[in-house]
Each structure stands twice: as C-alpha cells, then as structure tokens.
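If you want the building blocks of each chain, they are given just below.
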Amino acid sequence: MANVRRFILAATLTATAAFAFLAFDARSATLQAAECESECGGPTPYPTYSPSPTPTYTPTPSPSPSPYPSPSPSPYPPTGPTGADSSGNSIGGLANQRFNQMITNRVLGTVLLGVNEQVNCSDCISAFGSAGSFSAGIHGRKELTNNLSLLAGIAYTQYNEGGYHITSAPIGAFALRYDFTDWGSSRPFFDIGTILTPWEKARYTRSYNTSLGPVTVSGSTNASNYAVYGRAGWMSRVSPRDEVAASIEVWQLWQRVSGYSDSAVAFNPFDANIATGTDRTSLVKIGGQWTHLFGSNIETNINGGWVQSFASHSGIVATVTGDGTVVPTMGNQGWFEYGGRLGFRVQKGWIVDLFANGTLGPQPVGNTIHGGVGLRINY
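Before going into details, it helps to say that this report is about the structure given with it. Not measured: the values here are computed from a predicted model.

**Thoughts on the sheet that holds strand β2 (residues 134-143)**
The twelve strands lie next to each other as β1-β2-β3-β4-β5-β6-β7-β10-β11-β14-β15-β16, forming a closed barrel whose pairing is antiparallel. Along the sheet, successive strands turn relative to each other by an average axial angle of 20 degrees, direction set aside. One ladder, built from 16 bridges, connects strand β7 (residues 242-257) with strand β10 (residues 277-294); its direction is antiparallel. Considered in β10, the bridge of D242 is made with H292. In this fold helix α2 (residues 84-111) packs onto β2, β3 (148-161), β4 (164-179), β5 (186-210), β6 (213-239), β7, β10, β11 (298-313), β14 (334-347), β15 (350-360) and β16 (368-378), with an angle of close to 150 degrees to the strand it touches most, β5.

Printed below as a string of structure tokens:
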C-alpha cells in the first residue's frame, strides 16, 4: 500500500511540474509576439475608420446630333485641278460664235445684192471698201429684160466678233429680180438668189476656269458658208424723187466647219477636240426701205427689218477631256437689221457712196456695224 501511495504522489508531482512548464513557455511566446508586432509597426488591433468624402455626381450632357453631318474626308484626295464642267460649258460659247459667223457673213453678202439701193434703177457697177469688218469688192446690176435684172458681186472679207476671227474669206453673191414694171408705179417684185463663201480661214477661242486659274485656248480650221433666199415685196414710186418698198424674205443658211483641236498651250488640262460638222439655221425677215433724192446731187437710202431665226442646229460634236462628248444646242432668236446709204453725185453717172449695215439684238448676234465707201457708176 505504501508503494502505491508513493507512485500516485510521484505521478501527481510530475504532472503538476509539466503543466507549469507548459504555461510558462506559452506566456513567453505571447510576449515575444506582442513585442515584435510593436517594433515592426504591425496593424493596430483596433483601426480607426476615416470615411472618404461623398463624391458629387455630374451628369455628362448628351451630344446633339448635327442636322448636316460632316462628310468623311476621302482617303484619296484629288491629285489634279478641277474644271472639266467649265471646259464642257465653253463649247456652248463656240456654238454662239459660229451662229454669229453665219449671220455676219450673210449681212456682208447682202451688200453685194444692193441692200442699200432702190429696187428699180438703171444699170450700174460699184467698187467699194468697208471697215468694222474689212471688205473690198465690186457689185452691180444688169437689166436683162424690161422686167428681169441680174444682181451680182464679189468681195474679199475679214471679220471677227465675240471670240472668233475670219480671214481670207471670198464672198460671191448673185440674184435674179423680177419687177412687174408694166403694172405701173406701184407693183410687186420678187427676188431669188444665193450667197457663197466656199472657203475661209477661221479661228475660234474658248475660255474656262479651273481650280488653278482661268484657261483660254484657240483652234484654227477652215470653214465655208452657203445661203439661199427668196424675197417677195411691193414697191411704189410715190414721187419722181421717192421710192418705198416693203418685203418679206425667207433664208436658209449652212456653215461647214472642218474638225480641229485646241492649240498647244502651257496649261490646258481639259482640252477639246471638235469634229467636222455643219451648222444651219432658217430665217424670216420682214422689212422695208425708202430711197429719196435731195435736190439733184444727194441720194439717201434707209432700210431695216426684223429677223427671226428658227430650226437652228449646231454641228458641233466635241470630245472634252474629263467631260466626255458635248453636243451644244443652238437656240432661236430675233434681232433687228439696219442699213443706209448717203450718195453724192460728183458728176453725171458718177456717185460716191457712204454706207453702213449692222445688227441690233441680244447675243450671240449682238450689236454690230459695218461701214464703208464706194464709187458707183451708172450707165
């Protein structure tokens, strides 16, 4: 029994000592951990909460859509000048020039047919020269029978207007006039005739605009003009010194222009090639004239009439770089034509004439005047 009690006591002491040792070791470890956290700046066991200030919400305004959105720039910007449309439009200017050319050629041709002279007079021949449009030639009339007369003439001309220039242009004209002289002092008369310009040198100019500046180019070629007409009128010898007449005329005009290209210039990015073509137009003229003798030495004549074109057609077919094929139209229009003559009888049968003829109206006919001097011989 004594041994059992000693064993129990020894075991109890041993267990107590072991527990005490373990408790002491745990406390030492806790103190070391606390000391390390303090020296190393470790987290505070009870951190203080500092809230951030409440942010203010500012709404972003919605963008308003533009009613005209900006086009996105092309990734391939143009590499050359613009102006093809302007170059194409300039072909219309060429059509106007060629219309004016037909009318001017006809006005100059009527001088050869005695437009500034009385309807009925003795045989005569006249040499003349004119300025405004340079012209020089001869014309006259010859009585074939008591009723039938031949009117004819030939001239060399040069003229220009509105961008074109005509040189080396011979004009020939002739007509037959039938005058019912056996009807008395008041009677009808009829003309039928033609004006021919078989060859002429022509230069036409056109202008257009580009993004790099204006361009003006010319082209030279050959042309020809032809016209036929008929005239019906009534004339009256109201006194030994006065003759008046009224008439209506119908004309058909053709103009043939050979093909050509723009002349070579330093800058002409939208050049043009003009094909051979024929312009044409029809005309109706209603007019009158008055011839009067002052004293025994001074003759005067005034004449005029309204002209209306119809069935006009441009023969231009142009190929324009950047614009393709261009075919302009030639509109119809009306204008007034006028003429006059002042003659001085220097001696019997010899008369010095001052004369003028021209047009009044909108473009392309415009306002023109052609004046000159002539020496007329009656026989």
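**Section: the environment of G361**
Tracing the backbone through its elements, the reader meets G361 in the loop between β15 and β16. You can call G361 partly exposed: its relative accessible area is 25%. A sequence separation of 24 residues divides G361 from E337, and the C-alpha atoms of the two residues are 8.7 Å apart. Setting aside residues no more than four positions away along its own chain, G361 makes contact with W335, G366 and N367.

**Comments concerning the packing of aromatic side chains**
All told, the structure shown has eleven aromatic pairs when counted by the stated rule. For the pair Y208 and F270, a centre-to-centre distance of 6.3 Å together with 65 degrees between the ring planes defines the contact as edge-to-face. With Y208 in strand β5 and F270 in the loop between β8 (260-261) and β9 (272-274), this residue pair connects regions lying 62 residues apart in the sequence. Assessed through its relative accessible area of 2%, Y208 is described here as buried. Exposure remark for F270: the relative accessible area of 10% places this residue in the buried category. Here the aromatic residues Y178, F180, W183, F190 and W234 are joined through ring pairs into a cluster of three or more. In this structure, R106 is placed above the aromatic ring of W251, and the distance from its NZ or CZ to the ring centre is 4.7 Å.

**Quick word on empty space enclosed by the protein**
Unfilled space is identified by rolling a water-sized probe across the atoms. In total, this model carries seven cavities of 30 Å³ or more according to the counting rule given. In this model, the largest cavity occupies a volume close to 350 Å³. In terms of lining, the largest cavity is formed by 30 residues, of which the most central are T110, V115, R231, E249 and K285. Here the lining of the largest cavity gets five residues from one element, more than from any other, and that element is β7. The residue inventory of the lining of the largest cavity, partitioned by class, reads ten nonpolar, twelve polar and eight charged.

**Considerations on the nonpolar core**
Grouped burial of nonpolar side chains is what soluble globular proteins tend to show. Counting residues in each nonpolar core, the largest one holds 43 residues, and the members touching the most others are I91, I103, Y204 and I274. Taken together, the elements giving at least two residues each to this core come down to α2, β3, β4, β5, β6, β7, β9 and β12 (318-320). If you tally residues by element for this core, the top one is α2, at nine residues.

**A word on the pattern of salt bridges**
Taken as a whole and assessed by the stated rule, the structure comprises 16 salt bridges. The closest approach of N and O atoms between E299 and R341, which form a salt bridge, is 3.1 Å. Here R341 lies in strand β14 and E299 lies in strand β11, a separation of 42 residues in the sequence. This pair shows no difference in class: E299 is buried, exactly as R341 is.

Basis of the calculations
- Residues numbered from 1 in each chain as written.
- Predicted model: local features only at pLDDT ≥ 70, side-chain atom pairs only at ≥ 80, totals over all residues.
- Heavy atoms only, no water.
- Pairing = 2+ DSSP bridges.
- Helix = DSSP H or I, 4+ residues; strand = E, 2+ residues; numbered from the N terminus.
- Axes fitted to C-alpha atoms, helices over the stretch in contact; angles between N-to-C directions.
- Contact = heavy atoms within 4.5 Å.
- Buried < 20%, exposed > 50% of the residue type's maximum accessible area, 1.4 Å probe, protein only.
- Phe/Tyr/Trp six-rings, centres within 6.5 Å; stacked < 30°, edge-to-face > 60°.
- Lys NZ or Arg CZ within 6 Å of the ring centre and 35° of its normal.
- 1 Å grid on protein atoms, 1.4 Å probe; cavity = no way out; pocket = protein on both sides within 12 Å on 5 of 7 lines; lining within 4 Å.
- Points joined across faces, edges and corners; volume = space filled by probe spheres on them.
- Nonpolar A, V, L, I, M, F, W, Y, C, P; charged D, E, K, R; others polar.
- Core = buried A, V, L, I, M, F, W, Y, C linked by side-chain atoms within 4.5 Å.
- Salt bridge = Lys/Arg side-chain N within 4 Å of Asp/Glu carboxyl O.

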